[in-house]
Amino acid sequence: MIKDDLITLIQQAAKAAQKAGDLPTFDLPAIVVEQPKNAEHGDYATNVAMQSARPARMAPIKIAEQIVRHWPAAPFVGKVDVAPPGFINITLDDGWLAQQVAVIQSNPAAFGNSDVGQGRKAQVEFVSANPTGPLTIGHAWGAVLGDSIASLLQATGWDVTREYYFNNGGRQMRLLGESLQVRCLELLGDYRSIPQDGYQGDYLRWVASTLHAEYGDALAEKDVDFFRTKAVDAIFANIRCTLDRLGIRFDVYYNELDLYETGKVNAAVQALASSGYAYQKDGATWLRATDLGLKQDRVIIKSSGEPTYRMPDIAYHVHKMQRGFDFVVDIFGADHHATWPDVLAGVRALGYNTDGIKVIIHQFITLLRDGQEVKMSTRRGEFVTIDSLLDDITTETIPGKDVMRFTLLTRSPDSSMNFDLDLAVKQSSENPVYYVQYGHARISSILRKATEEGFPPAAYAQGDLSLLTHPSELALLRKMVALPEVIANAAEQLAPHQLSHYAQELATQFHAFYRDCRVVSSDPADRAISLARLRLCEAARIVLARALGLMGVTAPERM
RNA sequence: GUCCCAGUAGCUCAGUGGAUUAGAGCGCUUCCCUGCGGAGGAAGAGGCCACAGGUUCGAGUCCUGUCUGGGAUACCA
């Protein structure tokens with residue numbers, strides 16, 4: 001990583017200056033290297049001299065000058081300048097930049113990856129919707145976030161498990177079974193009403209008609225458990241299908257029932273009791289959360305003897321720890337933000353360190369249709385499914401998931417976004433994702449054209465990269481070379497939306513290069529530069545495809 | 001009431017305490033097809049970064065308060 005290398009160089013320079021007596025002896029501050037907005041200030045800058053002014057008792061600009069004077073040689077550094085009031089500006093070496101094309105080409109599938117994970121086990125839990133109905137727009141953000149975060153972790157060396165946690169037992173599911181039963185009996189001419197808090201959506205009618213075709217009048221004899229199982233099966237099949245359309249594949253579907261059946265919930269309850277973190281009051285069992293740094297104690301076993309949702313969640317997270325995950329990411333909607341501290345407190349009470357568990361809370365999407373807010377409810381059967389939106393925004397050449405994923409990955413999870421359905425459908429053809437994909441398709445087209453014009457890959461494989469000196473070529477190279485840092489930052493901050501912004505900037509730089517630099521030229525005198533630029537194009541295509549790939553967006557060769 | 005997240009261009013959103021001009025897309029106004037894909041490019045209009053204080057050499061970014069919106073405040077999940 002360039003930034004890390006720079007930090008090392010800065011430290012070496014400062015220490016050398018101290019050793020030479022050009023700088024007083026003092027402890028260097030933590031070195032911050034940033035990328036200036038203004039290109040005139042170089043590719044990287046550090047404020048270390050300003051931060052050292054006080055401990056060194058010296059003017060920042062003087063400190064900067066001494067650091068630069070003792071700067072060690074490094075192939076990737078082209079220029080080091082001092083600028084008032086004490087910035088050190090670093091510019092990458094043009095020749096080195098051009099050579100990076102070869103580096104990228106030598107590693108097309110993994111350029112930009114790093115190894116901070118070192119093969120350790122990470123788990124990303126996301127979606128985790130109970131099978132009570134189809135996946136809705138409300139689930140989309142978590143789905144896309146989770147999958148891309150998982151991809152980022154894989155790219156940074158983690159051994160990642162994508163996991164979906166669900167519950168197919170309990171009251172909610174019994175109501176689902178009863179609701180399906182009502183729909184089935186309807187088909188047999190026996191009309192009843194959906195139970196209180198039952199599920200009124202049409203999708204249960206479709207399940208019912210399938211069952212009716214298979215079982216006929218025998219449905220009248222079936223019990224609620226039968227309907228519950230059938231409902232869950234059908235809905236899960238639908239959910240998996242939707243996930244598949246989004247390009248999401250889970251490694252593990254973990255069922256809450258397993259926690260009970262294998263005694264894990266019970267074991268956790270016992271352990272909490274013997275640890276003293278659980279106590280009895282008003283006939284219920286409480287978690288002494290106030291002793292764990294939280295505001296109030298919480299019920300974990302109701303006076304009815306049933307555990308609250310917190311209890312299996314605690315047992316589940318203990319199980320995650322026991323499975324040896326070094327890093328766990330949970331992705332929840334804003335409605336869960338109050339619950340996870342309790343769960344983590346419970347896990348801590350059982351003696352586990354929860355520092356490795358990160359919770360990403362994404363805000364809600366406000367849906368608008370005809371300018372009105374659409375309130376969704378699975379129970380009432382009022383919702384907009386992911387499937388239906390995908391249908392609306394899919395085009396002949398580009399799957400709808402590209403638009404959906406890219407759009408969602410443009411926003412920070414903290415922002416509560418408005419999503420206008422009419423606008424989304426109408427404007428999907430103007431979505432920025434196409435701008436990026438167009439860049440990829442354009443490069444692919446150039447490479448195809450090159451082969452036709454007598455510049456096949458074998459011809460440009462050895463193109464002379466040192467010919468890449470045009471400002472637009474260098475600007476493109478700078479952006480390409482930034483990918484490793486973008487991936488590392490996005491992974492560290494669990495913020496995949498940085499990828500979409502990067503991809504747009506990269507596409508912009510490519511379009512500028514295309515405008516300024518003729519690639520395939522018929523003039524024999526241009527042959528050498530054509531070969532070099534074809535290599536650059538190929539490398540740019542690789543980088544663009546990687547950025548898109550991490551977002552789960554396709555990189556089309558034609559569109 | 002208390003807690004969490006937000007408030008940046010007409011709209012949807014980026015923005016890692018830094019360096020005279022705060023960015024992108026969409027929308028709007030003008031331009032650019034006698035050579036590789038115009039789903040592109042060039043230029044322009046459009047902002048008291050919600051408001052008020054504070055910290056700092058330096059604040060859209062940190063702290064406090066106010067206002068507005070969303071979420072949470074269960075022996076529901």
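Quantities reported herein were computed from a predicted structural model and do not represent experimental measurements.

K.L.:
Is there a simple way to explain the overall build of chain A in this structure?
P.N.:
Along the backbone of chain A there are 21 helices and 15 strands. Here chain A holds 559 residues, and 51% of them are scored as buried. Of the contacts made within chain A by residues no fewer than 6 positions apart, 74% connect residues no fewer than 24 positions apart. The distance from the centre of the 55 positive side-chain charges to the centre of the 66 negative ones in chain A is 3 Å.

K.L.:
For this particular structure, what's the right way to read the protein's contact with RNA strand B?
P.N.:
Taken together, 60 residues are adjacent to RNA strand B, and R411, S412, M417, Y438 and R442 come closest. Contacts to RNA strand B include N418, whose backbone N or O atom sits 2.4 Å from a phosphate oxygen. For RNA strand B, a base nitrogen lies 2.8 Å from a polar atom in the backbone of Y514. Listing elements by their share of the surface near RNA strand B, those giving two or more residues are helix 2 (48–56), strand 4 (87–92), helix 16 (432–452) and helix 20 (497–516).

K.L.:
How should the nonpolar core be read in this particular structure?
P.N.:
Where a protein is soluble and globular, its nonpolar side chains tend to be buried together. If you look at the biggest cluster of nonpolar residues, it comprises 145 residues, and the most contacted ones within it are L6, W71, L153 and M480. Considering each element in turn, this core owes the most residues, 14 residues, to helix 21 (residues 527–551). Here this core spans two domains, since at least three of its residues come from each of domain 1 (2–92) and domain 2 (98–114 + 431–551). If near-sequence neighbours (up to four positions away) are discounted, L6 is found in contact with V33, Y44, W71, F76, V77 and I90. Listed in part, the 27 residues of the second largest apolar core include Y165, A268, A278 and V347.

K.L.:
So what exactly am I meant to see when it comes to the packing of helix 13 (residues 386–393) against helix 14 (residues 400–408) here?
P.N.:
Angle between the axes and distance between the axes are the two parameters that describe a pair of packed helices. At their nearest, the axes of helix 13 and helix 14 sit 7 Å apart, and the two run at 110° to each other. One finds that helix 13 runs roughly perpendicular with respect to helix 14. Read as a crossing pair, helix 13 and helix 14 show a hand that is right-handed. Of helix 14, the residues touching helix 13 (which contributes I386, L389, L390 and I393) are G400, K401, V403 and M404. In the contact of helix 13 with helix 14, the residues fall into six nonpolar, one polar and one charged.

K.L.:
Sorry if this is basic, but what is going on with the domain arrangement of chain A here?
P.N.:
Note on interface size: it is often stated as the accessible area lost on association of the parts. Taken domain by domain, chain A consists of domain 1 (2–92) and domain 2 (98–114 + 431–551). The straight-line distance from the C-alpha centre of domain 1 to that of domain 2 is 31 Å.

K.L.:
I keep staring at the sheet that holds strand 11 (residues 327–333) and nothing clicks. Help me out?
P.N.:
The strands making up a sheet associate through backbone hydrogen bonding, with each pair oriented either parallel or antiparallel. The five strands lie next to each other as 7-6-5-11-12, forming an open sheet whose pairing is parallel. With one partner strand each, in any of the chains shown, strand 7 (252–255) and strand 12 (357–362) form the two edges of the open sheet. Direction aside, neighbouring strands of the sheet carry axes that sit 25° apart on average. Here four bridges tie strand 5 (residues 121–125) to strand 11, and the two strands are oriented parallel to one another. Within strand 11, the residue paired with Q123 across the bridge is V328. Helix 8 (residues 224–245) contacts strand 6 (159–166) and strand 7 of the sheet and is inclined by roughly 145° relative to strand 6.

K.L.:
Please clarify how the packing of aromatic side chains should be interpreted in this entry.
P.N.:
Each pair of aromatic rings is reported with the distance of its centres and the angle of its planes. Counted under the stated rule, the structure contains 18 aromatic pairs. Measuring from centroid to centroid gives 6.5 Å for Y165 and Y254, while their planes differ by 25°, and the two rings are stacked. Taken together, the residues span a long stretch of sequence, with Y165 in strand 6 and Y254 in strand 7 at a distance of 89 residues. Of the two residues, Y165 and Y254, both sit in the buried class. Ring geometry for F226 and F227: centres 5.2 Å apart, planes at 85°, overall edge-to-face. The exposure classification of F226 matches that of F227, with both residues buried. An aromatic cluster is present here, built from F126, Y164, F166, F236, F250 and Y253 joined pairwise through their rings. Against the face of W286 rests K281, its NZ or CZ located 4.6 Å from the ring centre.

K.L.:
Hey, could you run me through helix 6 (residues 170–187) in this one?
P.N.:
Count 3.6 residues to each turn of an α-helix, and residues three or four apart come out pointing the same way. When the terminal C-alpha atoms of helix 6 are compared, their 27 Å separation across 18 residues agrees well with the 26 Å that a helix rising 1.5 Å per residue should span. When we look at burial in helix 6, the residues that qualify are M173, L175, L176, G177, S179, L180, Q181, V182, R183, C184, L185 and E186. Buried positions along helix 6 lie against helix 7 (203–215) and helix 8. Following helix 6 by one or two positions, G189 has its phi on the positive side, about 85°.

Conventions we followed
- Residues numbered from 1 in each chain as written.
- Chains lettered and ligands numbered in written order.
- Predicted model: local features only at pLDDT ≥ 70, side-chain atom pairs only at ≥ 80, totals over all residues.
- Heavy atoms only, no water.
- Helix = DSSP H or I, 4+ residues; strand = E, 2+ residues; numbered from the N terminus.
- Buried < 20%, exposed > 50% of the residue type's maximum accessible area, 1.4 Å probe, protein only.
- Contact = heavy atoms within 4.5 Å.
- Lys, Arg positive; Asp, Glu negative; His and termini not counted.
- Charge placed at Lys NZ, Arg CZ, Asp CG, Glu CD.
- Near = heavy atom within 4 Å.
- Polar contact = N/O pair within 3.5 Å; in protein donor to acceptor, adjacent residues only side chain to side chain.
- Core = buried A, V, L, I, M, F, W, Y, C linked by side-chain atoms within 4.5 Å.
- Domains from an automatic or database assignment.
- Axes fitted to C-alpha atoms, helices over the stretch in contact; angles between N-to-C directions.
- Parallel < 35°, antiparallel > 145°, perpendicular 65-115°, else oblique.
- Left-handed = near helix turned anticlockwise from the far one by under 90°.
- Nonpolar A, V, L, I, M, F, W, Y, C, P; charged D, E, K, R; others polar.
- Pairing = 2+ DSSP bridges.
- Phe/Tyr/Trp six-rings, centres within 6.5 Å; stacked < 30°, edge-to-face > 60°.
- Lys NZ or Arg CZ within 6 Å of the ring centre and 35° of its normal.
- Expected span 1.5 Å × (residues − 1).

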